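Each chain, written out:
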Amino acid sequence: MAVTVQGAAPADLEPLHEVAQQIRIDGIRASTRAGSGHPTSSMSAADLITVLAGRHLRYDFAHPKLATNDHLIFSKGHASPLLYAFYKACGAIDDAELMTYRTYGSRLQGHPTPILPWVDVATGSLGQGLPIGVGVALAGKYLDRLPYHVWVLCGDSELAEGSVWEALDKAAHYGLDNLTVIADVNRLGQRGETEFGWNLEAYRLRVEAFGCRALVIDGHNLQQIDGAYVDALETAGRPTVILARTIKGKGFSEVEDKEGWHGVVLPPEMAERAIKELGGERDLRLEVRKPQRGVPAIKAEKVEVTLPTYSLGEKVPTRKAYGDALAAIGARPEVVALDAEVSNSTHADEFKKAHPDRFFEMWIAEQQMISAAVGVQVRGYTTFASTFAAFFARAYDFIRMAAISQADLRLCGSHAGSEIGADGPSQMALEDLAALRAIHGSTVLYPSDAVSTAKLVAEMADRPGISYLRTTRNGYPVIYDNAEAFPIGGAKVLRRSDSDRAAVVAAGVTVHSALAAADRLASEGINARVIDCYSVKPIAAEVLAEAARDCGGILVVVEDHYPEGGLGAAVMEALAGSEHPPRIFHLAVRDVPGSGRTADLLAAEGIDADAIVTAARDAAKTRGGS
Ligand SMILES: Cc1ncc(C[n+]2csc(CCOP(=O)(O)OP(=O)(O)O)c2C)c(N)n1
C-alpha cells in the first residue's frame, strides 16, 4: 500500500506512524538475521526519519545525482538498519536485499558507504557526518545556488565530539539555513547514559551559543516533528538544530530506555515478540516527493589553464608555487579552495585573491576544513585544502574516512620537516608522508622546485582519490625548465654517468642537498646518480631498480621525515621483491629537532650535503671501490 502524506495543511500523520513501525520492524528483522547491528539506535529515530521522508524530503531515488536532490546524511552511521529499512519503505531496495544486511558482498554494509548510490559519504566514525553536511550546504548556498536542503541525523552521545561544534560554528558563520541537524536525544550512548542525559536545555543553550536555531521537541510526537521541519525550512539566515527527546528502543517495551542494548541485536524469539508489539509486519510504501529540476550556477568547463613559470636558478619556495598554481587552476570554474587560517603561509591566499567566491575560510578547524572539502566535492567540485603539513595529523580520521567515502580530495601541507628551522618541532611535519601514504588509494607528491610544484598541482586537479602535496617553507633554486613534464609516478634522474657508484634518492629539500653532495663527490672521483623522487606514491620503481642495477646495488635515501613510513620506506617497499635487492643507506630525521637555522638543523639531523657525501662515500667503499 502506498502512503502519501504531503501538502501544506496539517496532515493526518497516522499513516506515517504505520510506516515508522514498519521501519522499526524491518530494522529488527535485518539485524536479527545478520546477528549484529544497532536496532535500538534505529528505533529511537524512526519517527524522525519517517516524517522527514514522508513530508519534507525532496529526493528522486531513481536519479541520485540530480543536482536539486536534498541530502540526507546519517552522521550516526550505526543506525544503518533504520537507513536501509527506510530505503526499503521508499522502494529503493527490496526486502530480499534488506535481508543481506552485513553479509559479505552486500551493498548494505554495517555502516553506510557510497557503494549505495543514495549515500553521499561514509559515516560510522562519529562526529563526521555533520561537518561534511556543512560542506554540502556550503556548496548548495554559495556554489550551486540551488534550493536543496541538507538534513543530518546525529546521536546525542555523538554531540560530545568537538567536530560537531566546529561544524555548528561554521554553519552559523556561513548562515547555512539550508542545513538542519536532527539530534536524536535518546539519553543513552554505548556504555550507558550520555554526559547530559535528557537535559535538552543544556543542548539548547550550547546550540544557541554557537549561533544556530534550536528547536526542542518530543521526537515521537509526529505533529511536533512535522512542525519542527516546517519551522526549519522557513528559518532564514541560520541553521536549525532540532533537539528531539526520544527513547532508545522505542516501540518494544522490553528494551525501551534500557542500558545494555546498544549495538545488541534482539535474539529471534525476542524479535518475534517485538514485531508483535509493533503491530506485525507491514508492506507499506512511502512516497517521497521529487525535487523540482534546476541547474547549478557553476558549470564545470574545459578551460585553458596557464600555469606560472619560473626562471632557472630563481629561489622560490614550493609553497609559493603551490599558491600561484592553485590560483591559475582556479580559472576552471569548478575549482574550490579551503584554508584553516594559514593561507598566507600556505599561499592559498593567492587563490583567495583571484577567486574569492570559491574560497572558504574554516579558521583553525582542520577537521572541519577536510569535512567541508569532502562535502563540497559531493557536489562535483574539485577541492583543494591546505594547512601546515603537521596539522593534517589532527584531521587524520577525517582523511581516512574520506577515502572510504571515495572522495576526490587534494591536500597541500606546507612547512614540511626540520627544514622550517626556527619555529621548532611543533610546526614540523615529520610523520606526514607515512600517514598520507597509508591512506587507501592515495597519491603522495613532494616536489623540490617551483616548476615541478606547479606541474604537480595541475596533475592533482584531475587525479581521483586523495592526493597530497608536501611543500617546503624556504626558497630553493628552480632546477627544471618550464617545459618539463612531471607525470605522477615518475622521477627525474638529475645526475647520471656510466660509472655511478651510488644512487642518491631524494625528494623536496633533500634534492638540493643531494645535488650539492653529488658535485662534491664527483670532485673526489666518485660519481653518484641523483634521483628526484617527486612522486613518493606511486613511486617510480623502474627508475629505482635501474639505479640499483647501475650503481652496484647501493642506494642512499635521504629525507626530511622520520625514518618510519616515508620516502625510505617507499623505496624499500618498491624494491623488496627484486631479484637482487639493493643495500639501502637511509638518512632521515632520527631525533626530535629543536629550533635553529635550517642549515644547522639539516646538519644536526644528518640529512644535509655533508651527510650525503659521507654516506655515499662509505657506501661506495662497501662494494670494494676506492
Ligand atoms: C569516533 C567514534 N568513537 C566511538 C565510536 C563507537 N560508538 C559507536 S555508537 C556509539 C554510541 C553512540 O551513541 P549516540 O550518539 O547517543 O547514538 P545512539 O546509538 O544512542 O542513538 C559509540 C561510542 C564510533 N563509532 N566513533
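Refer to the structure above for everything that follows.
Here is what the cut-offs are and how they apply
- Residues numbered from 1 in each chain as written.
- Predicted model: local features only at pLDDT ≥ 70, side-chain atom pairs only at ≥ 80, totals over all residues.
- Heavy atoms only, no water.
- Pairing = 2+ DSSP bridges.
- Helix = DSSP H or I, 4+ residues; strand = E, 2+ residues; numbered from the N terminus.
- Axes fitted to C-alpha atoms, helices over the stretch in contact; angles between N-to-C directions.
- Contact = heavy atoms within 4.5 Å.
- 1 Å grid on protein atoms, 1.4 Å probe; cavity = no way out; pocket = protein on both sides within 12 Å on 5 of 7 lines; lining within 4 Å.
- Points joined across faces, edges and corners; volume = space filled by probe spheres on them.
- Nonpolar A, V, L, I, M, F, W, Y, C, P; charged D, E, K, R; others polar.
- Near = heavy atom within 4 Å.
- Polar contact = N/O pair within 3.5 Å; in protein donor to acceptor, adjacent residues only side chain to side chain.
- Areas by Shrake-Rupley, 256 points an atom, 1.4 Å probe, with all protein chains shown as cover.
- Buried < 20%, exposed > 50% of the residue type's maximum accessible area, 1.4 Å probe, protein only.

**Q** Just to check I follow, could you spell out the sheet that holds strand β12 (residues 409–414) for this structure?
**A** By way of backbone hydrogen bonds, the strands of a sheet pair with one another, either parallel or antiparallel. Reading across from one edge, β10-β9-β11-β12-β14-β13-β19 is the order of the seven strands in this open sheet, with mixed pairing throughout. The strands lining the two open edges of the sheet, one partner per strand, are β10 (359–361) and β19 (535–537). Sheet twist, expressed as the mean angle between neighbouring strand axes with direction ignored, is 20°. Taken together, the three bridges between strand β13 (residues 443–445) and strand β14 (residues 466–470) define a ladder with parallel strand orientation. Looking at the pairing, L445 lines up with L469 of β14. In the packing of helix α11 (residues 318–329) onto the sheet, contacts are made with β9 (335–339), β11 (382–388), β12 and β14, and the angle to β11 comes to roughly 160°. Set on the sheet, helix α17 (residues 450–461) makes contact with β11, β12, β13 and β14; between it and β14 the angle comes to about 170°.

**Q** Looking at this model, I keep getting lost on empty space enclosed by the protein. Mind explaining?
**A** Over the atoms a probe the size of a water molecule is rolled, and this reveals where empty space is left. Tallied over the full model, the rule gives four cavities of 30 Å³ or more. Quantified by volume, the largest cavity comes out at close to 60 Å³. Looking at the largest cavity, the residues that line it are L72, I73, F74, L83, Y87, P112, W118, V119, D120, V121 and T123. Elements supplying a minimum of two residues to the lining of the largest cavity: β2 (71–74) and α4 (80–89). Ranked by residues supplied to the lining of the largest cavity, first place goes to β2 with three residues. Residue composition of the lining of the largest cavity, by class: nine nonpolar, one polar and one charged. Volume-wise, the second largest cavity comes out at about 50 Å³. Lining the second largest cavity we find L188, G189, Q190, R191, G192, K248, K258, E259, G260, W261 and H262. Class assignment of the residues belonging to the lining of the second largest cavity gives a composition of two nonpolar, five polar and four charged.

**Q** Explain the layout of surface pockets here, please?
**A** Roughly 560 Å³ of volume is contained in the largest pocket. Around the largest pocket, the lining comprises 34 residues; the ones closest to its centre are K65, D120, Q377, V378 and R379. Elements that contribute at least two residues to the lining of the largest pocket include exactly β2, α4 and α14 (366–378). With three residues, α4 is the largest single contributor of residues to the lining of the largest pocket. Residue composition of the lining of the largest pocket, by class: 19 nonpolar, seven polar and eight charged.

**Q** Looking at this model, I keep getting lost on the site of the ligand. Mind explaining?
**A** As a matter of local geometry, the ligand sits amid 18 residues, with S41, K76, H78, D156 and K248 nearest to it. In the model, an oxygen atom of the ligand is placed 2.6 Å from a nitrogen or oxygen of the K76 side chain. Interatomic distance of 3.4 Å between a side-chain N/O atom of H262 and an oxygen atom of the ligand. Relative to its unbound accessible area of 580 Å², the ligand is 77% covered by the protein chains. When its residues are assigned to classes, the shell around the ligand shows two nonpolar, 10 polar and six charged.

**Q** How should the side chain of S41 be read in this particular structure?
**A** With respect to the element layout, S41 can be found in helix α2 (residues 39–44). With relative accessibility at 1%, the residue S41 sits in the buried group. Contact partners of S41, with chain neighbours within four places excluded, come to K76, H78, A79, D184, K248 and H262.

**Q** How do you make sense of the sheet that holds strand β20 (residues 554–558) when you look at a structure like this?
**A** Strand order across the open sheet formed by five strands is β16-β18-β17-β20-β21, with mixed pairing between neighbours. Looking along the sheet, the strands with just one partner apiece sit at the ends: β16 (492–495) and β21 (583–587). Neighbour to neighbour, the strand axes of the sheet diverge by 25° on average, direction disregarded. Across four bridges, strand β17 (residues 500–506) lies against β20 in parallel orientation. Within β20, the position partnered with A506 by the bridge is V558. Sitting on the sheet, helix α19 (residues 541–550) touches β16, β17, β18 (527–532) and β20, and the angle it makes with β18 is about 175°.

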